[in-house]
Each structure stands twice: as C-alpha cells, then as structure tokens.
Amino acid sequence: MSAPDDGNGHGKVPAGIKLPIFMDNHSTTPVDPRVVEAMLPYFTTHFGNAASRNHVFGWTAEAAVENARSQVAALLGGDGKEIVFTSGATESDNLALKGAASFYRKQGNHLVTVETEHKAILDTCKRLQREGFEVTYLKPSKDGLVTPEQVAEAVTDKTIVVSVMLANNEIGVIQPIEAIGAAIKAKNPKVLFHTDAVQGAGKIPFDVEKARVDLVSLSAHKMYGPKGIGALWVRRKPRIRLDPMIDGGGHERGMRSGTLAVPMIVAFGKAAEIAKAEMADEAVRLRALRDRLYQGITSQLPEVYVNGSLEQRLPGNLNISFAFVEGESLLMALKDVAVSSGSACTSASLEPSYVLRALGAGDELAHSSIRFGIGRFNTEAEIDYVTDLVVRSVARLRSLSPLWEMYQEGIDINSIQWTPH
Amino acid sequence: MAYSNKVIEHYENPRNVGSFDKGEDDVGTGLVGAPACGDVMKLQIKVRDGVIEDARFKTFGCGSAIASSSLATEMIKGMTLDQAAEIKNTQIVQELNLPPVKIHCSVLAEDAIKAAIEDYKKKQTAKASDAA
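Residues numbered from 1 in each chain as written. Chains lettered and ligands numbered in written order. Predicted model: local features only at pLDDT ≥ 70, side-chain atom pairs only at ≥ 80, totals over all residues.

K.L.:
Run through the overall build of chain B, naming residues and quoting values.
P.N.:
Of regular secondary structure, chain B possesses five helices and three strands. Going residue by residue from the N terminus, the α and β elements of chain B occur as α-β-β-β-α-α-α-α. With respect to the three principal axes, the spread of C-alpha positions in chain B is 55 × 30 × 20 Å. For chain B, the proportion of its 132 residues judged to be buried stands at 47%. (Helix = DSSP H or I, 4+ residues; strand = E, 2+ residues; numbered from the N terminus. Buried ≥ 20, exposed ≤ 12 C-beta atoms within 10 Å, placed from the backbone.)

K.L.:
Outline helix H3 (residues 56-74) of chain A, listing residues and values.
P.N.:
Residue and element names in this part refer to chain A. Over its 19 residues, H3 extends 27 Å from the first C-alpha to the last, a length consistent with the 27 Å expected when each residue adds 1.5 Å. Within H3, the full set of buried residues consists of Ala61, Ala64, Val65, Ala68, Arg69, Gln71, Val72 and Ala73. Where H3 is buried, its residues contact helix H2 (41-44), strand S2 (83-86), strand S7 (215-219), strand S8 (230-234) and helix H9 (262-298). (Expected span 1.5 Å × (residues − 1). Contact = placed C-beta atoms within 7 Å.)

K.L.:
Please set out the interface of chain A and chain B residue by residue, giving values where relevant.
P.N.:
One frequently used descriptor of interface size is the decrease in accessible area upon assembly of the parts. Each side of the interface is counted separately: chain A has 23 residues, and chain B has 25 residues. If you list the elements that add at least two residues to the side of chain A that touches chain B, you get helix H10 (327-333), helix H12 (363-367) and helix H14 (402-408) of chain A. Its residues placed into classes, the side of chain A that touches chain B shows eleven nonpolar, seven polar and five charged. (Nonpolar A, V, L, I, M, F, W, Y, C, P; charged D, E, K, R; others polar.)

K.L.:
Tell me about the packing of H3 of chain A against H9 of chain A, residues and numbers included.
P.N.:
All names here are of chain A. Two elements in contact, H3 and H9, have axes separated by 8 Å at closest approach and are oriented at 35°. Remark: the crossing between H3 and H9 carries left-handed chirality. Along the contact surface, H3 presents Ala61, Ala64, Val65, Asn67, Ala68, Gln71, Val72 and Ala74, while H9 presents Val262, Ile265, Val266, Phe268, Gly269, Lys270, Ala272, Glu273 and Lys276. When the residues that make up the contact of H3 with H9 are grouped by side-chain class, the tally is eleven nonpolar, three polar and three charged. (Axes fitted to C-alpha atoms, helices over the stretch in contact; angles between N-to-C directions. Left-handed = near helix turned anticlockwise from the far one by under 90°.)

K.L.:
Report on the environment of Phe47 of chain A, specifying residues and quantitative values.
P.N.:
Residues and elements named next belong to chain A. Its location among the elements puts Phe47 in the loop between H2 and H3. According to the C-beta neighbour criterion, Phe47 is partly exposed, with 13 such atoms within 10 Å. Note: C-alpha distance between Phe47 and Pro263 (216 residues apart in sequence) is 8.1 Å. Residues within four places of Phe47 in sequence aside, it is in contact with Tyr42 and Phe57.

K.L.:
I'd like a rundown of the confidence of the model for chain B, residues and numbers included.
P.N.:
Low pLDDT means the predicted atomic positions in that stretch should not be read closely. Residue and element names in this part refer to chain B. For chain B, the average pLDDT comes to 95, and 99% of its residues sit at 70 or higher. Within chain B, the element-level pLDDT minimum falls on helix H5 (residues 103-131), averaging 94, and the maximum on strand S3 (residues 51-60), averaging 98. Overall fold confidence (pTM) sits at 0.94, and the ipTM for the predicted complex is 0.95. (pLDDT = per-residue confidence, 0-100.)

K.L.:
Which residues make up the sheet that holds strand S3 (residues 110-114) of chain A, and what values do they have?
P.N.:
Sheet strands line up and pair through hydrogen bonds in the backbone, either parallel or antiparallel. Residue and element names in this part refer to chain A. Across the sheet, which stays open at both edges, the seven strands sit in the order S2-S8-S7-S6-S5-S3-S4 with mixed pairing between neighbours. Each edge of the open sheet is held by one strand with a lone partner, namely S2 and strand S4 (134-138). On average, each strand axis in the sheet is tilted by 20° relative to the strand beside it, whichever way the strands run. The pairing of S7 with S8 spans five bridges and is antiparallel. Note that in S8 the partner of Ser217 across the bridge is Leu232. Contacting S3, S4, strand S5 (159-163) and strand S6 (192-196), helix H5 (residues 119-130) crosses the sheet at an angle of about 155° to S3. (Pairing = 2+ DSSP bridges.)

K.L.:
I'd like a rundown of the sheet that holds strand S2 (residues 39-48) of chain B, residues and numbers included.
P.N.:
Residues and elements named next belong to chain B. The strand order across the open sheet built from three strands is S1-S2-S3, with neighbouring strands paired in antiparallel fashion. Since the sheet does not close on itself, it has two edges, and those belong to strand S1 (27-34) and S3, each with one partner. Geometrically, the sheet is characterised by an average inter-axis angle of 15° between neighbouring strands, direction not taken into account. Taken together, the eight bridges between S1 and S2 define a ladder with antiparallel strand orientation. When the bridges of S2 are listed, Leu31 appears paired with Lys42. Sheet strands touched by helix H2 (residues 63-76): S2 and S3. Its angle to S3, the strand with the most contacts, is close to 175°. Those strands touched by H5 are S1 and S2, and its axis lies near 145° from that of S1.

Put into structure tokens, the structure is as follows:
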C-alpha cells in the first residue's frame, strides 16, 4: 500500500502526517478537547442565567463564572473581580480605549500607541481622532520593537492612555512591557497603560503588577478556547473607570451589559488554567519546533530573512521572507499547509502588510513573507514535512522568478528603473 | 481565494519558462512591473520574418500572474508581431477566469507582450541605422 501523493507533484506524504496541516495558530487555535469537555455541561444541564439570583440554576451558573474569572485573572497575576467578559479582544480593545478616553476626557485628549498594533487598536484610535482626540503613533525599529524611552518621550501631561501590545500577531515580537510601564508612569503617574495581550497571554510569562498595566485585552480563541469570548482586565487598585459602550442590565460592574455567555466563559477559564499550568513546558517544546523549522529552511535556502527580532519573539512564531518569491504564489504551493502571508495579494486592500512595512524593510520583502504559527498540536513530523515542502516550493518558484535570475547574474534589483503600477 | 482550475493548471505546469539571450538580434525582451508592487514579468520573443517563432517568460508574482504570463507565451507563439500587439488583457481574463481583483495580472501580461515587441523593433531599427 502506498501513501497518498501530497498533491503538489512532489512525492508522498510520510506516515504520521495528516493533511491539511494547521500552522496558523496566530489567526486562531483549535479548542483543546479538555476545554470542550469542561464547557459542555453548561449548555444543557447547568444552563442557568448567571444573573438569576433566586434559584439554583442561576447560582450554579454564577459560581462557574466566578471560578472562570479567577482562572483567567490568575494567568495575569490579577484578581477575578477585575475581569470584564466581552465578545472578544476587538471589543476589549474598543472598550479599553474608548471607555477610558471618554471617562477621562477632562484629564486630557492624547493617546499613544504603536504603528504595528492590531487593527482593533489602530482603527479605534482613528475613530477617537475623528472625535477630537490626538494620537501619537510610534514607529518601531527594524526589529519591530519600541523602547521604553521612546514611549515615555511621547507621553505628555495631556496623555490619558498608552496602548502597547504584549506580542505582535504578525511577527511575534515581544515588547518590553515592564520597562515601558515603569517609564511612562515615571513620566506621568496618571496615564493609563493598556496592553493588547491577545498573542502573548498564556504563551509567555506576564504579570499585571510587574508591568504596571491598568487594562489588558484577552481572547480565548488564541489560547485553545472558543471564538466569541474575550475579556478586559480592569485594575481595581487604584480603581480604573470606563464609560461603557453597551448599556443594559449593569452586568460586569456596569462596564459591559448583556447576559453572560456561561459555557464560553467556563471554556475560557479552563483554557487559561491549562495555559498557565503548561506554559513553561509548552514554550520549550514550541521554541524547539520553531528553531527546527528555521534551521531546516535556512540551511537549505539562501536569501531568507527573519522579520523582526528573533530573540524577543513568541516561541511558536516564525515570520520570514523568501527573497525573489511572491508570498501568495508560495501559499499556493503550500496548499495543504495553513500559513499566512503579508503579501498584498492575500489582503483585500492589495496593500502589503502594514506591520512589515513599518519595519522599513522594503515592500518587496513584505510581499515575500510567510508567517508560521506553531501551536500546541503541531508535531515534529509536521515541521519536517513543512520544511521540505517549503524548500522545494521556494526553489521551484525561484526558477520561475526573473528577480532570482537577476540576483544570480549579479544585477542589483534596486538599480533598475521599475515602473510601479 | 479560490483559483480557477486553469490558473492552477498553468501555475503547476507553466509553459515556456526560461530565458533567451537578450543580446541576440532576433530576441525582444519585455520587463514590466515592480518588485515593490509584488509582481514582475519578463517576457521574451524570438522573431523570424515578422513571426514570433518562440517565447519564454519568468514571473515574480502571485499564481494568477504566473498563469497570465504562461498563457501569454502560448498565445503569441506563431503570431505575427502585429497580431501579438493586438492581444488584449480581456482575452487572458476570459481564458483564465480571473476574478476582478486579479485583472491587473492580465494587464501586466499584455504590457509585457507589447514591451517585448517594442524592444525587438528598436533593435531592428538600430541595426538598420548601423548598416546604413
């Protein structure tokens, strides 16, 4: 019996490999079976409304929610009472920035953030600008990082909120959040510090006290929980106030009304608990897989560039550019492997990744980038399969590439008068 | 994005990949696009008695760009220069079932054909004036 062909005309799929392979764990993650098991009873047996105060169905639901709050908060070194459950991190980011900007408007009209933040932050900032707020967008250096001094320098006595993400969703770089927290509070103790910790929480150690943050956005589906549930951690000591975006029954300390999604919240709690317990071991394993992928590719292919700092990076992230090969054409060759590209052709806007452009590496490298997101359920055999497929595909596409031909002939591509179209 | 079967077929089995010596008198070379925009096409023609005898391409770009240039080389082989100059990008769009977002790939292929013809004609003019 022969193994099935990989469909790319390259050969056979090795034993132990099941296609397609999911290696896009920054976009989302599969729900851990332990998480599914924990949430299921809350659909049919313990289906009560956590706000029902007068019967056992409500009490059971409420107890489960309170337990989940503690589990989620424990991941950050915070208190369960400080968790506001939301529909996801986009809502959390919106609530953090709009809620704080609105409530503290009398204190100032200025926000500080970074060009490489998630669109949930950048688009929220744009809306606040339309409403009269001023926003400073910091440019990271070539490694994707901002410095504490750089952030503190942008803070004025009019600054209400500084928002810097813990780890980037495209290039996986980890910002020096603790040092930034210390630097901005030294400059202006009243300024609120928000971090979008969606990609970093549960992957790397993070503590709200050490980082001196006031607001933290989280999402369950990036940590092997379900989609549709997130949280905003809101500091209680000293108490941070937010104007709500959704009015209603006064749930979540009045900051986010709406009946709590009990099964989803239970799932989020369980996912956070597993992440906290297994983070250290998982990071070692993922880093080893990531390094194996990186070594395997770069030992066989020249002209491969890492986007952003390789050292200050999430263990499971590898974002690399294959010079002279366009990203979408490479994704086509990797059709049985789910990864992402910063190429313009993969975006609706036909613009290459704004994150990669902010690094100043040149648009051609953004067009040639691939993001590998290695996660809990990836195996070494999958890494080896993907390495081999990437190497063969890049070699084939380079044999089709006029830029590769010029490079090999020693022609400087930047010396040619190109006609942008 | 889902690709049409024809795009996939050309992407997996591209026709006429390669290069001619661009210094040869009977070769015309078109190089269009820009690396910063994510696509560059090099299309070459070999001409005898006003007829495109052979064609080659190399493309840096998405699957649709590779397929468009591969198809373009197939189309122009055997055509006179005037016939090839009349090829419209819409023929490529139709043949490959390109979605609206990929129409620029076909435009680039049309530009590449025209650029190759122009380059060939320039060479002939230069040769004629050298001889004169």
